[in-house]
Amino acid sequence: MKIKKIGHSCLLINENGLNIVTDPGSFTAEAIKGLTGINVILICDEHMDHFDLSSVQALLKNNPEAKIITQKSVQKLLADTGIESSVVLDKQQTEVRGVKFEGCGQKHALLHSSIPQSDNTGYIISNRFFYPGDALTLPHKPIEILALPVAGPWLKMSEVLDFVLAVKPKFCFPVHDAMAGSAFMAKMVGQIGEKENIKMVITDGEMEF
């Protein structure tokens, strides 16, 4: 599996020749608008840093056969514009050209007790890689590679550390990091994770696992 971080929570993943883009949000609109060869678009969350309609439309224009895998609220937003999509929720599974996708979780992490939780579905790809979106839902199986959210209004350092130690992947790398404090959080996770043989990978280049 090859993973290139485009920015924030937007990743370009190649698994057995299948090209996957995660969360084409407003922070990465310029970076992804010219991408071609995309087979799957994964969208976890309806918030603008994960879902930007113009970015999805640009991807579909250049990749008209791309399959969208998302959740209920984003599906409705897409349907309102005439874009059909597939849905993966909870423990449901689907396959695209032999690559397995499995949903994990339904709700966004709590922002505040006065704010209703929106939908969020994380995804396990090929039983190895977990991309949780905007939640710290524990996967129901061992995970080798974890995309770890490290900054945001719904995150605390102690929760991030407890999450990565509970998942205990072999490798993790920071996502959801276009915010203040993310570099410090990633460094802290790396220091503590090292004691549990969890390797934090921090790079702007392509990662291969």
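Here the structure is a predicted model, which means the values were calculated and not measured.

Peer 1: Looking at this model, I keep getting lost on the packing of aromatic side chains. Mind explaining?
Peer 2: Two aromatic rings are characterised by how far apart their centres lie and by the angle between their planes. Tallied over the full model, the rule gives 2 aromatic pairs. Ring centres of F171 and F209 lie 5.3 Å apart, and the angle between their planes is 50 degrees; on these two criteria the pair is classed as tilted. Of the two residues, F171 is situated in strand β12 (residues 171–175) and F209 in the segment after β14 (206–208); the sequence distance between them amounts to 38 residues.

Peer 1: Could you clarify how one ought to interpret unusual backbone geometry in this entry?
Peer 2: Backbone phi values are negative for most residues with the exception of glycine, while trans is the configuration of most peptide bonds. If you check the backbone angles, N16 has positive phi at about 50 degrees while not being a glycine. Checked against the element boundaries, N16 lands in the loop between β2 (10–15) and β3 (18–22). Assessed through its relative accessible area of 66%, N16 is described here as exposed. Backbone geometry places N197, a non-glycine residue, at a positive phi of 60 degrees. Relative to the elements of secondary structure, N197 occurs in the loop between α5 (182–194) and β13 (199–200).

Peer 1: Would you take a moment to explain the sheet that holds strand β8 (residues 99–104) for this structure?
Peer 2: Sheet strands pair via backbone hydrogen bonds, and the direction of the pair is either parallel or antiparallel. With mixed pairing, 7 strands are arranged side by side in an open sheet as β7-β8-β9-β10-β11-β12-β13. The sheet is open, and its two borders are formed by β7 (93–96) and β13, each paired with just one other strand. Pairing of β7 with β8 involves 4 bridges; the strand directions are antiparallel. Its bridge partner lying in β8, T94 is registered against F101. Seen against the sheet, helix α4 (residues 157–167) touches β10 (129–131), β11 (145–149) and β12 and runs at an angle of roughly 170 degrees to β11.

Peer 1: How should I be thinking about the environment of G82 in this particular structure?
Peer 2: Within the element layout of this structure, G82 appears in the loop between α3 (72–79) and β6 (86–87). Counting along the chain gives 23 residues from G82 to G105, while the straight-line C-alpha distance between them is 26 Å.

Peer 1: How do you make sense of the pattern of salt bridges when you look at a structure like this?
Peer 2: Proximity of charged atoms lets side chains of opposite charge pair with each other. Throughout the structure, instances matching the rule amount to 7 salt bridges. Linking K5 and D177 is a salt bridge whose minimum nitrogen-to-oxygen distance equals 2.3 Å. Taken together, the residues span a long stretch of sequence, with K5 in strand β1 (residues 2–7) and D177 in the loop between β12 and α5 at a distance of 172 residues. Accessibility classification places K5 together with D177 in one group, the buried group. Between K168 and E196 there is a salt bridge, and its shortest N-O distance comes to 3.5 Å. In this pair, K168 sits in the loop between α4 and β12 while E196 sits in the loop between α5 and β13, placing the two residues 28 residues apart along the sequence. What makes K168 partly exposed here is its relative accessible area of 46%.

Thresholds applied
Residues numbered from 1 in each chain as written. Predicted model: local features only at pLDDT ≥ 70, side-chain atom pairs only at ≥ 80, totals over all residues. Heavy atoms only, no water. Phe/Tyr/Trp six-rings, centres within 6.5 Å; stacked < 30°, edge-to-face > 60°. Helix = DSSP H or I, 4+ residues; strand = E, 2+ residues; numbered from the N terminus. Buried < 20%, exposed > 50% of the residue type's maximum accessible area, 1.4 Å probe, protein only. Pairing = 2+ DSSP bridges. Contact = heavy atoms within 4.5 Å. Axes fitted to C-alpha atoms, helices over the stretch in contact; angles between N-to-C directions. Salt bridge = Lys/Arg side-chain N within 4 Å of Asp/Glu carboxyl O.

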